[in-house]
Amino acid sequence: MLAWTPVTVHRVATPSELVVLGIGLVLMLTFDLVLLRRAFSTAANAASSMHAADSAQAQNQAGSFESASAEVRALAEALEGMLSRLERERRDSALRELAAQERERLRIASELHDEVGQMLTAIALRAERAAEDADAADRGALLEISETALSGLEDVRRIARELRPEVLDDLGLVNAVVALCGRVDRQRASAYGGSSTWSLPKLAPEVEL
């Protein structure tokens, strides 16, 4: 500005020349500030998208830097790629966690059904056989033991089904949903009037769960 204006500055500046130089300095700093705020605003948007919880929102923000400089656009593209990788890792980690939980549920349900269930069944049978040969005083107690063991066996089977429904692995999702509706009906003393002729596409195991 000073180069194209009729302003002269002596070796020892006069007060009026100092005023002109001061005004020029203020204008230059204001112009620089405007440019810097514009440049750093795009960087601030990139930082805010990095902190965004929703990766889709962050990617939308990262894609809004078309008018920014090439360096900021490159940063936004790198950020978008990083967010995509983080989202995939988070989804894969959740699937691995779900698979691990289901394997543990399946193991516990199998042990409950095989070990505890068989033990309770054996106790009930032995109590019934002993009641046949026992006198009247002990027969009632033995039959009560048998009924208690059978009731415990039903509880163990219920817990095992709630941990991991066998029908889901054996008969598929539709029959598992029908069995679940029937169990809810029995608990609420209601009547299930649905149909089991649904047609579902092939789903991944974690989606069925």
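Everything that follows concerns the structure shown earlier in this document.
This section reports on the structure supplied with the text.

Moving on: the overall build of the chain. A count of helices and strands for the chain gives seven helices and zero strands. Within the chain, buried positions represent 17% of all 209 residues. Of the contacts formed within the chain by residues at least 6 apart in sequence, a portion of 51% connects residues at least 24 apart. Of the accessible surface of the chain, which amounts to about 15,400 Å², a share of 60% is contributed by carbon and sulfur atoms.

Turning next to the layout of surface pockets. Computed from the structure, the largest pocket encloses a volume of approximately 410 Å³. Arg-161, Pro-165, Ala-176, Leu-180 and Arg-183 are the residues nearest the centre of the largest pocket, which is lined by 21 residues in total. Looking at the lining of the largest pocket, the elements with two or more residues in it are α3 (70-133), α4 (136-163), α5 (166-171) and α6 (173-188). Residue contributions to the lining of the largest pocket peak at nine residues, all from α6. Along the lines of polarity and charge, the residues of the lining of the largest pocket split into 12 nonpolar, one polar and eight charged. At the level of elements, α3, α5 and α7 (205-208) are the ones that each hand at least two residues to the lining of the second largest pocket. Sorting elements by how many residues they give to the lining of the second largest pocket places α3 first, with six residues. Looking at the lining of the second largest pocket, its residues break down into seven nonpolar, no polar and six charged.

All right, on to the pattern of salt bridges then. Pairing between side chains of opposite charge can happen when the charged atoms of each approach one another. Taken as a whole, this structure holds five salt bridges when the rule is applied. Among the ionic pairs, Arg-90 bridges to Glu-87, the shortest N-O distance being 2.4 Å. Of this pair, Arg-90 and Glu-87 both sit in helix α3, separated by three residues, roughly a single helical turn. Close ionic contact of Arg-107 with Glu-104 constitutes a salt bridge, the shortest N to O distance being 2.4 Å.

It is worth spelling out the environment of Arg-161 at this point. Topologically, Arg-161 is positioned in helix α4. Residues Arg-161 and Leu-180 lie 19 residues apart in sequence; the distance between their C-alpha atoms is 9.9 Å.

What follows concerns the side chain of Ser-146. Relative to the elements of secondary structure, Ser-146 occurs in helix α4. If we ignore the near neighbours within four places in the chain, the residues touching Ser-146 are Ala-124, Ala-127 and Glu-128.

Bringing a nonpolar patch on the surface into the picture now. On the surface, a nonpolar cluster with roughly 180 Å² of combined accessible area is contributed by Val-7, Val-9 and Val-20. Here Val-20 lies in helix α1 (residues 15-50).

Judged by side-chain charge, Glu-128, Glu-132, Asp-133, Glu-144 and Glu-147 come together as a negatively charged surface patch. Residue assignment for the negative patch shows that the elements contributing at least two residues are α3 and α4.

So, how was this worked out
- Residues numbered from 1 in each chain as written.
- Predicted model: local features only at pLDDT ≥ 70, side-chain atom pairs only at ≥ 80, totals over all residues.
- Heavy atoms only, no water.
- Helix = DSSP H or I, 4+ residues; strand = E, 2+ residues; numbered from the N terminus.
- Buried < 20%, exposed > 50% of the residue type's maximum accessible area, 1.4 Å probe, protein only.
- Contact = heavy atoms within 4.5 Å.
- Areas by Shrake-Rupley, 256 points an atom, 1.4 Å probe, with all protein chains shown as cover.
- 1 Å grid on protein atoms, 1.4 Å probe; cavity = no way out; pocket = protein on both sides within 12 Å on 5 of 7 lines; lining within 4 Å.
- Points joined across faces, edges and corners; volume = space filled by probe spheres on them.
- Nonpolar A, V, L, I, M, F, W, Y, C, P; charged D, E, K, R; others polar.
- Salt bridge = Lys/Arg side-chain N within 4 Å of Asp/Glu carboxyl O.
- Patch = residues over 30% accessible without salt bridge, like charges linked within 9 Å, V, L, I, M, F, W, Y side chains within 5 Å.
- Lys, Arg positive; Asp, Glu negative; His and termini not counted.
- Charge placed at Lys NZ, Arg CZ, Asp CG, Glu CD.

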